[in-house]
Amino acid sequence: MNVTAAGSSGRTIPRADFGRVAVFFGEKNGKYPDANQVIVRGSDTQAAFDTPVVANHIGPEFDASDLVILGHVHEDHMAALHRLPKAPVHVHEADLAAAQSWEGLRAAYGSDESYVAEMLSRFQRDFFYAPRPDAIGYKDGAVWELGGSLVRAFHMPGHTAGHCALLVEPEGVAFIGDIDLTGFGPYYGDASSSLSDFRRTLARVADIPANVWVTSHHRGVYTDREKFLRDLAAYTRTLDIREQRLLGLLRESPKTLAQLVECRLLYPPGHQGLWVVDAETRSISSHLDELLADGRVRLDDGGVYRLS
Ligand SMILES: [Zn+2]
């Protein structure tokens, strides 16, 4: 890995290069609201994977991109689409509606009417949000020939319905997006998310034939498979930790969904934010559904969950 720095707007952007693949790190190693930018310089076509906030500061190396391949659709991965109005934007078909319109994105989030206007204005202010009605859908296994470089999509849903990993050959660089291996753990709090899909994705992601793994946030780049596997295992374990916390809360006393949401599962108790209650409600419900299905928890008529 060759780490150097470059930037067009007086800012130094750390980068790492692997053959024709360049990774530009967002602020704080791509911590949200920023993320890491991957660019593949094929002989015929230059492709950008996602377009996070940092892409607004890269300059000609980003702005020369001919094609955008989105690994998934969220505001922090679309923040420089406005710079590439003529570049085709490809996105998995399950995230296509979310890329094409605000209504589509809002439905994917499952955002409540009470905060949707505030959410849109924040996205416009902080992420230069601009939908792409012209976005084009792709399927699992889609391949892009860029001239000497090849990109292949692996559908890895859970975070969003259309979340994909993108593998660049011959370098063997896998962009795994928001399977981000952070200490926070997997995020599956949107209407288009799925805990069960995320579990299957976590069991499969190490099968992608890669030598380098790039996450959108925080972790950045892995070149050591053992370390990648160790962090993937720890990330996967946060699902068990959340499940244990939920069981612990019900062991203290039976609770309704609203009471469990009040206790928080993803975020610290008391944590507030526009969509925190919605995300907590959906995440906790996903775990409760699993616990109901395997008989560890039961639900009373009054909407009270208790240990079996
Ligand atoms: Zn995301």
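Residues numbered from 1 in each chain as written. Predicted model: local features only at pLDDT ≥ 70, side-chain atom pairs only at ≥ 80, totals over all residues. Heavy atoms only, no water.

1. Topic: the overall build of the protein
Then, in step 1: Helix and strand counts for the protein come out as nine helices and 17 strands.
Then, in step 2: For a compact globule of 308 residues, the expected C-alpha radius of gyration is about 19 Å, and the protein comes in at 20 Å, within 12% of that figure.
Then, in step 3: Principal-axis analysis of the C-alpha atoms places the extent of the protein at approximately 65 × 45 × 35 Å.
Then, in step 4: Considering only residue pairs separated by 6 or more positions, the protein has 55% of its internal contacts joining residues 24 or more positions apart.
Then, in step 5: Just so you have it, the protein exposes about 12,700 Å², and 53% of that area is on carbon and sulfur atoms. (Helix = DSSP H or I, 4+ residues; strand = E, 2+ residues; numbered from the N terminus. Rg over C-alpha atoms; globule rule 2.2 N^0.38 Å. Contact = heavy atoms within 4.5 Å. Areas by Shrake-Rupley, 256 points an atom, 1.4 Å probe, with all protein chains shown as cover.)

2. Concerning the pairing of strand β3 (residues 21–24)
Then, in step 1: Because side chains alternate across β3, one face comprises the buried residues V21 and V23, and the other comprises A22 and F24, equally buried.
Then, in step 2: As defined by bridge partners, strand β2 (residues 13–18) adjoins β3 across four bridges and the pair is classed as antiparallel. What sits directly across from R15, in β3, is F24.
Then, in step 3: The turn joining β2 and β3, which pair antiparallel and follow one another in sequence, is formed by two residues; a positive phi near 60° is taken by G19.
Then, in step 4: Examined bridge by bridge, β3 and strand β4 (residues 37–41) share four bridges and lie antiparallel to one another. Paired with F24 across the two strands is Q37, which belongs to β4. (Buried < 20%, exposed > 50% of the residue type's maximum accessible area, 1.4 Å probe, protein only. Pairing = 2+ DSSP bridges.)

3. Comments concerning the pattern of salt bridges
Then, in step 1: Applying the stated criterion to the full structure yields 19 salt bridges.
Then, in step 2: For R106, the salt bridge identified is with E103, shortest N-O distance 3.5 Å. One end of the pair, R106, and the other, E103, are both in helix α4 (residues 102–109), three residues apart, so they sit about a helical turn from each other.
Then, in step 3: In this structure, the salt-bridge partner of D294 is R296, at a minimum N-O distance of 3.0 Å.
Then, in step 4: Among the residues examined, R296 registers a relative accessible area of 34% and is labelled partly exposed.
Then, in step 5: Because the salt bridges share partners, they merge into one network encompassing R199, E243, E290, D294 and R296. (Salt bridge = Lys/Arg side-chain N within 4 Å of Asp/Glu carboxyl O.)

4. A few points about unusual backbone geometry
Then, in step 1: In this chain, Y32 is followed by P33 through a cis amide linkage whose omega measures 15°.
Then, in step 2: Topologically, P33 is positioned in the loop between α1 (27–30) and β4.
Then, in step 3: The omega torsion across E169 and P170 is 15°, close enough to zero to call that bond cis.
Then, in step 4: Considering the arrangement of structural elements, one finds P170 in the loop between β11 (164–169) and β12 (173–177).
Then, in step 5: Phi is positive for N29, close to 60°, though the residue is something other than glycine.

5. Some points on the sheet that holds strand β16 (residues 297–299)
Then, in step 1: Read from one edge to the other, the open sheet built from three strands follows the order β15-β17-β16, with strand pairing classed as antiparallel. The sheet terminates laterally at β15 (255–256) and β16, the two strands that pair on one side only.
Then, in step 2: Relative to strand β17 (residues 304–307), β16 runs antiparallel, the two being bridged by three bridges. Considered in β17, the bridge of L299 is made with Y305.
Then, in step 3: Against the sheet, helix α7 (residues 225–252) makes contact with β15, β16 and β17, and its axis sits at roughly 100° relative to β17, the strand it touches most. (Axes fitted to C-alpha atoms, helices over the stretch in contact; angles between N-to-C directions.)

6. Overview of the packing of aromatic side chains
The geometry of two aromatic rings is summed up by the distance between their centres and the angle between their planes.
Then, in step 1: Scanning all chains against the criterion turns up 14 aromatic pairs.
Then, in step 2: Arranged with centres 6.0 Å apart and planes meeting at 90°, the rings of F123 and F127 form a pair that is edge-to-face. With F123 and F127 both in helix α5 (residues 116–127) and four residues apart, the pair spans about one turn of that helix.
Then, in step 3: Classification of F127 by relative accessible area gives buried; the value is 4%.
Then, in step 4: Connected via pairs of aromatic rings, a cluster forms that spans Y32, W102, Y109, F123, F127, Y129 and W275. (Phe/Tyr/Trp six-rings, centres within 6.5 Å; stacked < 30°, edge-to-face > 60°.)

7. A short note on the nonpolar core
Then, in step 1: Membership of the largest hydrophobic core comes to 35 residues, with the highest contact counts inside it found for F62, V73, V91, W102, L105 and F123.
Then, in step 2: Of all the elements in the fold, those that place two or more residues in this core are β3, β6 (67–70), β7 (89–92), α3 (96–100), α4 and α5.
Then, in step 3: Among all residues touching W102, those that are not within four sequence positions of it are V116, M119, L120, F123, Y129 and P131.
Then, in step 4: Of all hydrophobic cores here, the second largest spans 25 residues; its members include F25, W144, L146 and L166. (Core = buried A, V, L, I, M, F, W, Y, C linked by side-chain atoms within 4.5 Å.)

8. Observations concerning the coordination of the zinc ion
Then, in step 1: Coordination sphere of the zinc ion, protein contribution only: H72 (NE2), H74 (ND1), H159 (NE2) and D178 (OD), at 2.1 to 2.2 Å.
Then, in step 2: Bound by four donor atoms, the zinc ion shows angles of 89 to 168° at the metal and therefore irregular coordination geometry. (Donors = N, O, S within 2.8 Å, 3.2 Å for Na, K, Ca; no water. Tetrahedral: all angles 85-135°; square planar, octahedral: opposite > 155°, others 65-115°.)

9. Describing the packing of α4 against α5
Then, in step 1: For the pair α4 and α5, the least separation of the axes is 12 Å and the interaxial angle reads 115°. Judged by the twist between their axes, the crossing of α4 over α5 is right-handed. Facing W102, L105, R106 and Y109 of α4, the residues of α5 in contact are V116, M119, L120 and F123.
Then, in step 2: Here the residues of the contact of α4 with α5 are counted per class, giving seven nonpolar, no polar and one charged. (Left-handed = near helix turned anticlockwise from the far one by under 90°. Nonpolar A, V, L, I, M, F, W, Y, C, P; charged D, E, K, R; others polar.)

Everything listed is a geometric property; what it means functionally is a separate question.
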